[in-house]
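# Analysis of the macromolecular model
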Amino acid sequence: MSCDRGRKMGYRSFRLKLVVLGDKSVGKGVLIRRYLGRAFVRQYKQTIGYDFYIKHLIYRHEQVGNLLVTLTIFDLCSDPAFDNIRPMYYRGSYCAVIVFDATKPETFKNVSKWVKEFWENVKRRLPIVLVGNRIDLLEETELCKLRECAKRFAEELSKMIGVAVPYIEVPSNYENVEEVFLHALKVVLDYVLLSFKK
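Per-chain numbering applies: the sequence of each chain, read as written, is numbered from 1 onward. A pLDDT threshold of at least 70 governs which residues receive local features in this predicted model, and a stricter bar of 80 or more applies before side-chain atom pairs are shown or counted, although totals over entire chains, interfaces and linings include all residues. Side-chain measures were taken over the full set of non-hydrogen atoms in the model, leaving aside hydrogen atoms and water.

### Details of the pairing of strand E5 (residues 95–101)
Using a 1.4 Å probe on the protein chains alone, a residue whose accessible area is under 20% of its type maximum counts as buried, one over 50% counts as exposed, and one in between counts as partly exposed. In DSSP terms, a helix is any run of H or I states spanning at least four residues, a strand is any run of E spanning at least two, and both are numbered starting from the N terminus. Within E5, seven of the seven residues are buried, which leaves the element mostly enclosed by the surrounding structure. Burial of E5 is two-sided: the residues Cys95, Val97, Val99 and Asp101 facing one way and the residues Ala96, Ile98 and Phe100 facing the other way are all buried. Here, any two strands with at least 2 DSSP bridges between them count as paired. As defined by bridge partners, strand E2 (residues 11–21) adjoins E5 across four bridges and the pair is classed as parallel. What sits directly across from valine 20, in E5, is valine 97. Across six bridges, E5 lies against strand E6 (residues 128–133) in parallel orientation. Note on E6: the bridge partner recorded for phenylalanine 100 is glycine 132.

### So, the packing of helix H3 (residues 111–122) against helix H4 (residues 140–161)
Axis angle and axis distance: for two packed helices, these are the angle between their axes and the distance between the axes, and together they describe the pair. At a minimum axis separation of 12 Å, H3 and H4 run at an interaxial angle of 20 degrees. Comparing the axis directions of H3 and H4 gives the class roughly parallel. The way H3 lies across H4 gives a crossing that is right-handed. Judged by residue contacts, Val111, Ser112, Val115 and Trp119 of H3 engage Phe153, Leu157, Met160 and Ile161 from H4. Amino acid classes used here: Ala, Val, Leu, Ile, Met, Phe, Trp, Tyr, Cys and Pro are nonpolar; Asp, Glu, Lys and Arg are charged; the rest, including Gly, are polar. When its residues are assigned to classes, the contact of H3 with H4 shows seven nonpolar, one polar and no charged. Each axis is a line fitted through C-alpha atoms, and for a helix only the stretch in contact is used; angles between axes span 0 to 180 degrees, taken between their N-to-C directions. With respect to orientation, any angle under 35 degrees is reported as roughly parallel, any angle over 145 as roughly antiparallel, any angle of 65 to 115 as roughly perpendicular, and every other angle as oblique. Should the near helix be turned anticlockwise from the far one by less than a right angle, the crossing is left-handed, and should it be turned clockwise, the crossing is right-handed. The contact rule is simple, with two residues in contact once any of their heavy atoms fall within 4.5 Å.

### Some points on the nonpolar core
Core analysis: the biggest nonpolar cluster contains 68 residues, and Leu18, Phe118, Ile128 and Phe181 have the highest contact counts within it. With ten residues, the single largest contributor to this core is helix H5 (residues 177–197). For phenylalanine 118, the contacting residues outside a window of four places in its chain are Val19, Leu21, Tyr90, Ser93, Tyr94, Cys95, Ala96, Leu126, Pro127 and Ile128. Among buried residues, those of type Ala, Val, Leu, Ile, Met, Phe, Trp, Tyr and Cys that are joined through side-chain atoms within 4.5 Å constitute a nonpolar core.

In structure tokens:
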């Protein structure tokens, strides 16, 4: 992560690397492609180690002001075969977007494993964004229970980090996917500002 003066008047350049984590087949790749405006690929193709993407955008933070952002997104493979090489891709990351599939309860149970792996590899408690994917495919009763558990977990993480950990629900058509990455930017900037105050 770095921040410096941009070329446009009143804008600063801001570079951020984030990782997208979660169990196999939770929809991480689709989430990223939808955010980047790429077509939905119906056939599932497993990430081979990692995929990475770059997006340039303008973002306004209420305290920092206007930013020209270069966002580098790493989609890390969850297959155990890559457990030994995944750590090298955490280097330089300042945020993790951790995705679970609402229709697969075990993927929510494994979120804490991904949080632990991220924090261990970046050597500190950096910001997290928690994403419940395919949320519209649950019955209302199941959704309420899951939402309550996910919000409680996000609150626990918030206390540990010192800034709010957003919990975002994404439907199977990914219509609000931009919200995930905008929240990631906000939580990182909030974390940086909090660090300066300490």
